[in-house]
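Working through the structure, step by step
Each chain, letter by letter, is given below.
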Amino acid sequence: MPVATINLNLMQSHEVVNEQNASNPGPSSTCVRIYLRHLRLTVRCCVSSCLSLCSRSSLRWFSDPESMSDGAGVGPKFVGVAHHVWEKVCEKVKRAVVFMDAGCAESLHWVGGIRKLLQAGALNVKEFSSFEAGAPEQVKAVFVVSTLLKGRTADIIRDIVTLSSFQYCVVITAVSHSVHLLANNVTAELEQELVFEQFGELLCQWMGNLNYTGEVMHLPILIAPLVPHLFITTAYSSFFSFVPQDLRLLNNTRPDKKKFGSLNDVDYCSLPFELQIQIRSLVSSLNSMFELVQLKEECFAVGPTSRIIAGELANYPQAKQRRKNAQLKASIVFIDRTLDLSGSVAHHGDNLAEKILSMLPKFPGLTNDVKVNMIDLTAVQNNEETQNMIAPGCLSQPNDPSAKVLWESMLNMKHKEAVMEVRRHLVEAASKENLPIKMSLGRVTPEQLNSYVQLFKTNLKALENHCGLLQLTMATVQTLGHASYSKWDNFLAFERLLLQTLEDSDLSCVLTQLLSIIKSHGERDSSDYNLEEILVLLVYIYSVVGELKLDSTVDKAECEVKKALLRSLCDEPNLSQVLQEMTGCSSASELTSDIATDVVEQVFETLRGITRARAHMKQFKTLHSPGGNAHQAMYKPLVKQILEEVFHPDRPDTVDIEYMSGGLTELLKTGFSMFMKVSRPHPSDHPLLIMFLLGGVTISEVRMIKDLVSTYRPNCQVIVLSTRLLTPLDVTRLIFANDRLHPDIGV
């Protein structure tokens, strides 16, 4: 988990630098020490210490009906929800050691970091692990988890408590009591929170004295506010919408007479237990969040997975009760990621933040932030031995007003404009600190930005004042100078070539084009595509092509690509993390020819399924816009098609955007509209539109949604929710190495 990693890195780096500079305490070593002390306050707190929204102001938003009469300013209300929940956590942590899992840690990372907890009186913040424990003098513990209080989670809590000397334990779970009842096969709703009470008794047993205090509570720790219009459900980062081949897996457990004909026939009760729990937990958390902002939503779905989740939310008993008194009307449209995988792996997005997320390594323990190497701002030499000496920077900067504005600009601007904005912020910061900066107009280069950054290195006050800005700048510099940066345009060119080939011929010709660039490890150089990147291109091709007309030509072309992939896979000297998960082998020496063959066959079975993902649709059947005399063939994003349909001036029936009724009244209203002049619910009916992409969203898609809504309906507010930010390599893992039907819920 990031908290523990950062804390460890800081302690190590501080000690090593002090030893290296003990005999030569010059300006450089002083700079390092000041920088490290500043990191102790900022980076150790996941560099996100946003305290501008306090609990009192958050509660005022939730209780003021006039402020929620329309969609204006809705984004800050959702940000306020995240802060409000963590303020509730902070009320429990005084004089306590806090243990937190990765799902909750990532939410805290974007809300305020562990500094929030330390300022509230926490003694320490540790990883949620059986290998951790409290110190002998620490008598109070707070556990913050995103999972059910049973199975692995309960075991870890027991291990930590029995190894410690606690007399007071508080457990805060993001999973509601109603979901705990479901997980324990209790169908009746109980007035008292029986499961939580029983777990509190277990805590006292583990502490060794029934007179000690064990307290258990639920808080909806769900979202991470990346910007005011984009929120990520951090605990559901591995969740992904159905892929057509999942139908076969579901049918394998059903008798012949009850097998499903399509994924559209699958209902909630037919899903595996683990997936039922995950979906119900998500629905419950959404309801809790909507209750805080007094939201009255109408649910719509695009795709079979979305249909199940939207239906569960529409008919959730607590949600029905909430809607009776809620005042902020909204439409929430759930969208299956599987329906448009091309958009999640494509490189047409002209966005700096997207490139940073795709090229830099993930921040330890997080799925939606990157690790920025900050060693160039210290006196430590930059080499392999020192890579983990200095705590990394990151993108989350809610406590630095200038960096926060810049981060939002990086998400909303085109690449060139964003790079120039980085330079402008850096120049303004240098001028404010009276640093000897030499202005340079024209093209922005990584060398130029790095030279500006170096001016801050010897000015301790400037370094401390602009630490957040410097981290975003270093992320930009490292991306522009990354070995894979030039490949971005190569991907884009190849994707356009594939689209044009599809226009002129069929899939077999496209696969023939791809075959020419598949090379084994020994044949590749740095400019060639590796195996994971070939998989990215295959996902793009099979998603955009749509339903296949299978013939011998396509079969033959696929066979040749399979052979090339098999050769390349068997030739890999070191398996990447994705390939390890796909093959089940931790090293290349474990990979046999049979295993590799099975993996390649499974890949193509999945790809064939992806071509059928939109087979049931009428309006959104294709992602491929044919070319003509005036323009070339183009990819047409599904999200764009949906928004064009939602905001069409004639308000036609949204055939592929299904309204999910929440009761008899809505059902009658929907039915009577077929033969009477009764208005059917429509996604454009309300001043707030929430788009929830199940399986992830890209920065380019978020920007496109924001721009399209402002164009079609300027007075409509839009919120984007998703399970994670996506990069092309994330998609390959979620499709080829992820058990979608049996998520790990720790039970």
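Thresholds applied
Numbering of residues starts from 1 in every chain and runs along the sequence as written. Local features in a predicted model are, by the rule used here, given only for residues with pLDDT of at least 70; side-chain atom pairs are given and counted only at 80 or more, and totals for whole chains, interfaces and linings are based on all residues. The side-chain quantities take in all heavy atoms of the structure and omit both hydrogens and water. Any Phe, Tyr or Trp ring, taking Trp's six-membered ring, that has another such ring centre within 6.5 Å forms a pair; planes under 30 degrees apart are called stacked, those over 60 apart edge-to-face, and the others tilted. What counts as a helix is a DSSP run of H or I of at least four residues, what counts as a strand is a run of E of at least two, and both are numbered from the N terminus. Burial classification: accessible surface area is computed with a 1.4 Å probe over protein chains only, and a residue below 20% of its type maximum counts as buried, one above 50% as exposed, and the rest as partly exposed. Every axis corresponds to a line fitted to the C-alpha atoms, with the helix fit spanning only the stretch in contact, and the corresponding angles, defined between N-to-C directions, vary from 0 to 180 degrees. Roughly parallel means an angle under 35 degrees; roughly antiparallel, over 145; roughly perpendicular, 65 to 115; everything else is oblique. Crossings are classed by handedness, with left-handed meaning an anticlockwise turn of the near helix from the far one by less than a right angle and right-handed meaning a clockwise turn. Note on contacts: a residue pair qualifies if any of its non-hydrogen atoms lie within 4.5 Å across the two residues. Charged means Asp, Glu, Lys or Arg here, nonpolar means Ala, Val, Leu, Ile, Met, Phe, Trp, Tyr, Cys or Pro, and polar covers whatever is left, Gly included. Paired strands, as defined in this entry, are two strands with at least two bridges between them according to DSSP. Polar contact is the term for a pair of N or O atoms within 3.5 Å; when the atoms are in protein, one must be able to donate a hydrogen and the other to accept it, and sequence-neighboring residues count only if both atoms are side-chain atoms. Looking at any residue, its pLDDT shows the predictor's confidence there, from 0 to 100. What a helix is expected to span follows from its residue count: subtract one and scale by 1.5 Å. Should a side-chain nitrogen of Lys or Arg be within 4 Å of a carboxyl oxygen of Asp or Glu, the pair is scored as a salt bridge.

1. Observations regarding the packing of aromatic side chains
Within the structure shown, the criterion is met by 13 aromatic pairs. Ring plane angle 45 degrees and centroid distance 5.8 Å describe the contact between Phe78 and Phe231, whose orientation is recorded as tilted. Pair noted here: Phe78 is in helix α4 (residues 74-90) and Phe231 is in strand β7 (residues 230-233), with a separation of 153 residues, a long-range link. Judged by relative accessible area, Phe78 falls into the buried class, the value being 0%. Overall, the relative accessible area of 0% leaves Phe231 in the buried class. When the centroid spacing of 6.3 Å and the interplanar angle of 50 degrees are considered together, the rings of Phe494 and Tyr529 count as tilted. In this pair, Phe494 is assigned in helix α21 (residues 485-504) and Tyr529 in the loop between α22 (507-515) and α23 (531-545), connecting sequence segments 35 residues apart. You can call Phe494 buried: its relative accessible area is 10%.

2. Describing the packing of helix α24 (residues 552-570) against helix α26 (residues 593-611)
Where α24 contacts α26, the axes come no closer than 10 Å and their chain directions differ by 135 degrees. With respect to their mutual orientation, α24 and α26 come out oblique. Considering only the axes of α24 and α26, their crossing is right-handed. Between α24, through Val554, Asp555, Glu558, Val561, Lys562, Leu565, Leu566, Leu569 and Cys570, and α26, the contact on the second element is made entirely by Ser593, Ala596, Thr597, Val599, Val600, Glu601, Phe604 and Arg608. Looking at side-chain class alone, the contact of α24 with α26 contains 10 nonpolar, 2 polar and 5 charged residues.

3. A few points about the environment of Ser342
Inspection of the secondary structure puts Ser342 in helix α14 (residues 342-345). Along the backbone, Ser342 and Leu537 are 195 residues apart, and their C-alpha atoms lie at a distance of 8.9 Å. Those residues in contact with Ser342 that lie beyond four places of it in its chain are Tyr540, Ser543, Val544, Leu623 and Tyr635.

4. Observations concerning the sheet that holds strand β9 (residues 328-336)
Judged by pairing direction, the sheet is mixed, and its 7 strands sit side by side in the order β6-β7-β14-β13-β9-β8-β12 without closing on themselves. Where the open sheet ends on each side, the last strands, each with one partner, are β6 (223-227) and β12 (658-660). Neighbour-to-neighbour, the strand axes of the sheet open up by a mean angle of 25 degrees, direction not taken into account. For β9 and strand β13 (residues 688-694), the ladder comprises 6 bridges, and the chain directions are parallel. Its bridge partner lying in β13, Ser331 is registered against Leu689.

5. Topic: the sheet that holds strand β5 (residues 213-218)
Strands sit in the order β2-β1-β3-β4-β5 across an open sheet of 5 strands; the sheet is parallel. Across the chains shown, the open sheet's two edge strands, defined by having one partner strand only, are β2 (124-127) and β5. Between one strand and the next, the sheet's axes are offset by a mean angle of 20 degrees, whatever the strand orientation. Bridge analysis of strand β3 (residues 140-145) against strand β4 (residues 168-173) gives 6 bridges, and the strand direction is parallel.

6. Some words on the environment of Ser684
As for its position among the elements, Ser684 is in the loop between α28 (664-672) and β13. Taking the C-alpha atoms as reference points, Ser684 and Ser331, separated by 353 residues in sequence, lie 7.3 Å from one another. In this view, Ser684 contacts Val646, Phe647, Arg651 and Arg713; residues no more than four positions away in its chain are not counted. A distance of 3.1 Å separates polar atoms of two side chains, one belonging to Ser684 and the other to Arg651. Within polar-contact distance, the side chain of Ser684 engages the side chain of His682 at 2.7 Å.

7. With respect to the pairing of β7
Here β7 shows a buried face lined by Leu230 and Ile232 and a second buried face lined by Phe231 and Thr233. As paired strands, β6 and β7 are joined by 4 bridges and run antiparallel to one another. Within β7, the residue paired with Ile223 across the bridge is Thr233. Hairpin remark: β6 followed by β7, antiparallel, with 2 residues in the connecting loop. Taken together, the 3 bridges between β7 and strand β14 (residues 717-722) define a ladder with parallel strand orientation. Of the residues in β14, the one forming a bridge with Ile232 is Ser722.

8. Re the confidence of the model for the protein
Residues with a pLDDT of 70 or more make up 87% of the protein, whose mean pLDDT is 86. This stretch, residues 1-72, has a pLDDT under 50; its non-local contacts, to residues over four places away or in other chains, come to 155 contacts.

9. A closer look at unusual backbone geometry
Positive phi, normally seen in glycine, also occurs at Arg95, with a value near 60 degrees. For Arg95, the position within the fold is in the loop between α4 and β1 (97-100). At Asn185, a position not held by glycine, the phi torsion is positive, near 60 degrees. Inspection of the secondary structure puts Asn185 in the loop between α8 (177-183) and α9 (194-207). The class of Asn185 is exposed, set by a relative accessible area of 67%.

10. Focus: α4
The end-to-end C-alpha distance of α4 is 25 Å, a good match for the 24 Å that 17 residues give at a rise of 1.5 Å each. Along α4, 15 of the 17 residues are buried, which leaves the element largely enclosed by surrounding structure.

11. Focus on the environment of Asp265
Looking at the element boundaries, Asp265 is found in the loop between α10 (246-251) and α11 (273-292). A relative accessible area of 43% places Asp265 in the partly exposed class. Linking Asp265 and Pro304, residues 39 residues apart in sequence, is a C-alpha distance of 8.1 Å.

12. Points about the pattern of salt bridges
Per the stated rule, a full pass over the model turns up 28 salt bridges. Where Arg424 meets Glu421, a salt bridge forms, and the shortest distance between an N and an O atom there is 2.6 Å. On the criterion of helical spacing, the pair formed by Arg424 and Glu421 is a turn pair, its members being 3 residues apart in helix α17 (residues 415-432). Several salt bridges converge on common partners, so that one network encompasses Asp155, Arg158 and Asp159.

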